[in-house]
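Examining the three-dimensional arrangement
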Amino acid sequence: MRSDTQAQTLPRRAAVTPRPLERVRRLALWVQLLCVAGAAIVLIVPAQLWSRADWLEKVARSYWVTDIDIPLQLDAASRAWGWAASCLPSAVLLFALWQVWCLFGAYRLGQVFTTEPVRRLRRLALALVVHAVAQPLAHTLSILALTLGNPAGQRQLVLGLGFDHFISLFIGLVIWGIAQVMQQAQAVAEENAEFI
Amino acid sequence: MPIVLTLDVMLARRKMRSRELAERVGITEANLSLLKSGKVRGVRFDTLSRICNILDCQPGDLLRYEPGTEPDASEAES
């Protein structure tokens, strides 16, 4: 009696449960959409910040140059230099997002244990490690751009290292490790495919 | 590889086409072709047992050992 019930429910459950790769494909689509949103934010927000002097002053006074006695140069040239400096981590982030896009694009095509995801994971890891260096560097250069026009003694050369830089470095190294494991998995899958 | 597959001989004996065998075994025709030409690293036991069942033969009727160059042990592991 009990086994009859199980026999009746099993096929229904199998029909409802999606295949694992279909789930990955759906997830990959969402991740790719998030990549587009992320890329838009990375491009638009810094451009908006550096083009609006009032907003920039507010942010700079709150987080970067808190000493009120040090004036900020908010002319177009200083802001352009600052924006150029901020482009450095933005470019690295865009590269990282591109790698995520390609990685999940490969997953959508069903390429899970192939060389492509391993390559993309490695590049993503590298991008995150570079971002951990590029972000404090850009921060230093941005503040320098806003205070370079000040008289001597009021120019600021700030080097700030924070927890977010450590996190970027840490995640980069973790993804690098995962890429190494995925390379082994790809080799096993390749070998398995040679068995019929 | 000193292991030679004589699947094509058995197919001829049973007067069966590759396509039909592939369909009944549940593998692609391309994979069956690779199997016939010996361009595979190995054959799974379940594939072998299905082939034996369909062709009504023993694994020994499909596989033959011909002394030759043995694969390197490190190559086999990699």
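As shown above, the structure is provided for reference.
The following paragraphs examine the structure supplied in this document. (Residues numbered from 1 in each chain as written. Chains lettered and ligands numbered in written order. Predicted model: local features only at pLDDT ≥ 70, side-chain atom pairs only at ≥ 80, totals over all residues. Heavy atoms only, no water.)

**A look at the packing of helix α2 (residues 18–25) of chain B against helix α3 (residues 29–37) of chain B**
All names here are of chain B.
- At their nearest, the axes of α2 and α3 sit 9 Å apart, and the two run at 110 degrees to each other. Judged by the inter-axis angle, α2 sits roughly perpendicular to α3. As for how α2 packs across α3, the hand of that crossing is right-handed. Across the interface between the two elements, Ser 18, Arg 19, Leu 21 and Ala 22 of α2 pack against Glu 29, Leu 32 and Lys 36 of α3.
- Considered class by class, the residues forming the contact of α2 with α3 number three nonpolar, one polar and three charged. (Axes fitted to C-alpha atoms, helices over the stretch in contact; angles between N-to-C directions. Helix = DSSP H or I, 4+ residues; strand = E, 2+ residues; numbered from the N terminus. Parallel < 35°, antiparallel > 145°, perpendicular 65-115°, else oblique. Left-handed = near helix turned anticlockwise from the far one by under 90°. Contact = heavy atoms within 4.5 Å. Nonpolar A, V, L, I, M, F, W, Y, C, P; charged D, E, K, R; others polar.)

**Some words on the layout of surface pockets**
Residue and element names in this part refer to chain A.
- In this structure, the largest pocket occupies an estimated 510 Å³ of space.
- Around the largest pocket, the lining comprises 22 residues; the ones closest to its centre are Leu 49, Trp 64, Ser 86, Pro 89 and Gln 135.
- Going through the elements one at a time, α2 (20–51), α3 (53–64), α4 (76–108), α5 (115–147) and α6 (163–193) are the ones with two or more residues in the lining of the largest pocket.
- Considering each element in turn, the lining of the largest pocket owes the most residues, six residues, to α2. (1 Å grid on protein atoms, 1.4 Å probe; cavity = no way out; pocket = protein on both sides within 12 Å on 5 of 7 lines; lining within 4 Å. Points joined across faces, edges and corners; volume = space filled by probe spheres on them.)

**Quick notes on the interface of chain A and chain B**
- Taken together, the five residues of chain A in the interface contact 12 residues of chain B.
- With both chains or domains summed, chain A and chain B bury close to 770 Å², and 52% of this area falls on carbon and sulfur atoms.
- The largest share of the area that chain A buries against chain B comes from Glu 194, Phe 195 and Ile 196 of chain A, three residues that together contribute 82% of it.
- Here chain A and chain B share one salt bridge between them.
- Salt-bridge contacts for Arg 41 of chain B lead to Glu 194 of chain A; the nearest nitrogen and oxygen are separated by 2.8 Å. (Buried area = accessible area lost by both parts, 1.4 Å probe. Salt bridge = Lys/Arg side-chain N within 4 Å of Asp/Glu carboxyl O.)

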